[in-house]
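Fold and contact review
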Amino acid sequence: MKKRIGLRKLYQQYPKQAGQWLWGGSSSSLSRRGFLSKSALLSMGAVLGGPIVFGKQLPAGIIPAALLHEEAPFEIPGKHPELVVLNDRPVNAETPPHLLDDQITPADKLFIRNNGIPPQSVDASQWVLTIDGESVERPQSYTLAELKEKFTQYTYQLTLECGGNGRSEFNPPARGNQWTTGAVGSPEWTGVRLRDVLEDAGIKSDAVYIGYYGNDSHLSGDPEKVVISRGVPMSKALEDESLIAWAINGKDLPLMNGYPLRLIFGGWPASASGKWLTRISVRNQVHDGPKMGGYSYRVPCKPVAPGTVVPEEDMCIIESMPVKSLITYPKTGGRLDLGQSLDIRGHAWAGDLSVRTVEFSIDFGSTWQPCQLLPPKNRLAWQHWSATANFPEKGYYEVWARATDSKGNAQPMLVPGWNPRGYLNNACHRIAVMVV
Ligand SMILES: Nc1nc2c(c(=O)[nH]1)N[C@H]1C(S)=C(S)[C@@H](COP(=O)(O)O)O[C@H]1N2
Ligand SMILES: [Mo]
């Protein structure tokens, strides 16, 4: 396991340059268009070991991707040793982009986002799921074995992304886990349809929302305190792909990812996908459990200037996630001989929508070239893209990828819509390439 030390260390090592890159440079190093001066580019090139070929297009305030990561040892059992641990109480770990190269994310590479302490010992044979709430006709309880026997089982590849993925790039910074790009994955999940179970219990006509409860424990140690209890509107709850799942890629869920039972809502903030699931309440109002209100998993209903203090009543619940993509091959920081072409690939996803196109740029977005894009395995699974890049001369390059969803919304190149808690950063992913 690696633990990120972060930009502070970078700043200690290269105070002058890091200061310029992080905070947009001194006025003398910036042109009026906001790009870096020749001398700033030269000093960055010196640290990188080669000239930044399209450096004039490198937006100011952006650190070359080659210099973003620093790591130190740490460990979580059952998870890939290269996951990056952001916090160990509660455990939060993200997946470096090159580890997400598989078309279907292996369980040991799926990120972990815990708000509390997972159950210490789980006896799956004793596990019971209760369906209750004002808007259920006949409250029911099912053991895991009953769920498996009574209802048809489905398997879907579903993309799970934390609403805070990308938070580390917001400025002013937002508190919370400083996710870079790795709070996302797209494994295959097996379970029963939430709809089938809710219909078995009977949904009253006034039902508007479901809320989940899990049996993790609050960090305070107070057994009465619920860690997190979120949910989705009935329209999302009743979709074919909304699952109560017990398996990931055909095997039991890892404890950290919700063993033995969890919800999965592909394309929505992963905070809706309750882990260690014990109860689902069918509500006649928008669910009001912990982390449904205030600033949790909510963004300003209308865009605000960075740093604005937004009143709670002007915050709206995040629903479908925005279009996004990752470059999963090659790993950032690779070297290539001049004249060699570079095969690149990755995934793209778009919340409830599908991805229409993916493009890449080697000149900081001045020009874009098309990528091949495959259809999703099923609705709400991520899509694979690939392309071949050629570089005109020796030097430092970045490959940027940009996806556009089925409604024509494209990823922004720079961090979009600042919000108090740093959600929904879908800025383009980029990798560093040195041509020698
Ligand atoms: N019971 C419970 N469910 C939970 C959480 C939690 O802390 N407790 N965290 C949520 C959040 S914020 C996210 S992003 C996802 C993370 O799922 P994963 O850890 O399997 O990747 O689980 C969600 N479900
Ligand atoms: Mo999350």
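In what follows, the accompanying structure is described. (Residues numbered from 1 in each chain as written. Chains lettered and ligands numbered in written order. Predicted model: local features only at pLDDT ≥ 70, side-chain atom pairs only at ≥ 80, totals over all residues. Heavy atoms only, no water.)

Our next topic: the site of ligand 1. Residues in contact with ligand 1 amount to 19 residues; listed here are only the nearest, Phe 111, Asn 115, Asp 216, Arg 262 and Lys 275. Between ligand 1 and Asn 257 there is a distance of 2.8 Å, counted from an oxygen atom to a side-chain nitrogen or oxygen. Ser 273 has a polar backbone atom sitting 3.1 Å from a nitrogen atom of ligand 1. Burial of ligand 1 by the surrounding chains reaches 100%, relative to a free accessible area of 540 Å². Taken together, the residues that form the shell around ligand 1 break down as nine nonpolar, six polar and four charged. (Near = heavy atom within 4 Å. Polar contact = N/O pair within 3.5 Å; in protein donor to acceptor, adjacent residues only side chain to side chain. Areas by Shrake-Rupley, 256 points an atom, 1.4 Å probe, with all protein chains shown as cover. Nonpolar A, V, L, I, M, F, W, Y, C, P; charged D, E, K, R; others polar.)

Here we take up helix α5 (residues 194-201). In an α-helix, one turn spans 3.6 residues; hence positions three or four apart end up facing the same way. Within α5, the full set of buried residues consists of Leu 194, Arg 195, Val 197, Leu 198 and Ala 201. Summarising the axial view, the buried residues of α5 lie within an arc of 165°, below the 170-degree limit, and thus occupy one face. Following α5 by one or two positions, Gly 202 adopts a phi angle in the positive range, close to 90°. (Buried < 20%, exposed > 50% of the residue type's maximum accessible area, 1.4 Å probe, protein only. Helix = DSSP H or I, 4+ residues; strand = E, 2+ residues; numbered from the N terminus. Arc of directions from axis to C-beta.)

Right, let's talk about the side chain of Asn 426 for a bit. Inspection of the secondary structure assignment puts Asn 426 in the loop between β27 (395-405) and β28 (429-435). By relative accessible area, which is 7% here, Asn 426 ends up buried. A distance of 2.9 Å separates a polar atom in the side chain of Asn 426 from the backbone oxygen of Val 323. With near-sequence residues (within four places) excluded, Asn 426 lies in contact with Pro 322, Val 323, Lys 324, Gln 411, Pro 412 and Pro 416. (Contact = heavy atoms within 4.5 Å.)

This paragraph deals with the packing of aromatic side chains. According to the stated counting rule, one finds eight aromatic pairs in the structure shown. Both rings, one in Phe 54 and one in Tyr 397, keep their centres 5.9 Å apart while their planes meet at 65°; by these two values the pair is edge-to-face. Pair noted here: Phe 54 is in the loop between α3 (38-48) and β2 (71-73) and Tyr 397 is in strand β27, with a separation of 343 residues, a long-range link. Here Tyr 397 falls in the buried class, since its relative accessible area comes to 0%. Among the aromatic residues, ring-to-ring pairing joins Phe 54, Phe 391 and Tyr 397 into one connected group. The ring of Tyr 154 has Arg 193 sitting right over it, with the charged end atom 3.7 Å from the ring centre. The lysine or arginine in question, Arg 345, covers the ring of Tyr 329, its NZ or CZ lying 4.3 Å from the ring centre. (Phe/Tyr/Trp six-rings, centres within 6.5 Å; stacked < 30°, edge-to-face > 60°. Lys NZ or Arg CZ within 6 Å of the ring centre and 35° of its normal.)

Counted according to the given criterion, the structure contains one disulfide. Sulfur-sulfur distance for the disulfide between Cys 301 and Cys 316 comes to 2.0 Å. Between Cys 301 and Cys 316, the S-S dihedral sits near 100°, and the bridge is therefore right-handed. Pair noted here: Cys 301 is in the loop between β18 (298-300) and β19 (315-317) and Cys 316 is in strand β19, with a separation of 15 residues, a long-range link. Take Cys 301: its relative accessible area is 41%, and that puts it in the partly exposed class. (Disulfide = S-S within 2.5 Å.)

This brings us to the sheet that holds β27. Through backbone hydrogen bonds, the strands of a sheet pair up, either in parallel or in antiparallel fashion. Taken in spatial order, the five strands line up as β21-β28-β27-β23-β24 in an open sheet, and their pairing is mixed. Strands at the two margins of the open sheet, each flanked by one partner only, are β21 (334-336) and β24 (369-370). Alignment of β27 against β28, held across seven bridges, turns out to be antiparallel. Across the sheet, Trp 400 pairs through a bridge with Arg 430, a residue of β28. (Pairing = 2+ DSSP bridges.)

Nothing here speaks to function; it is all geometry.
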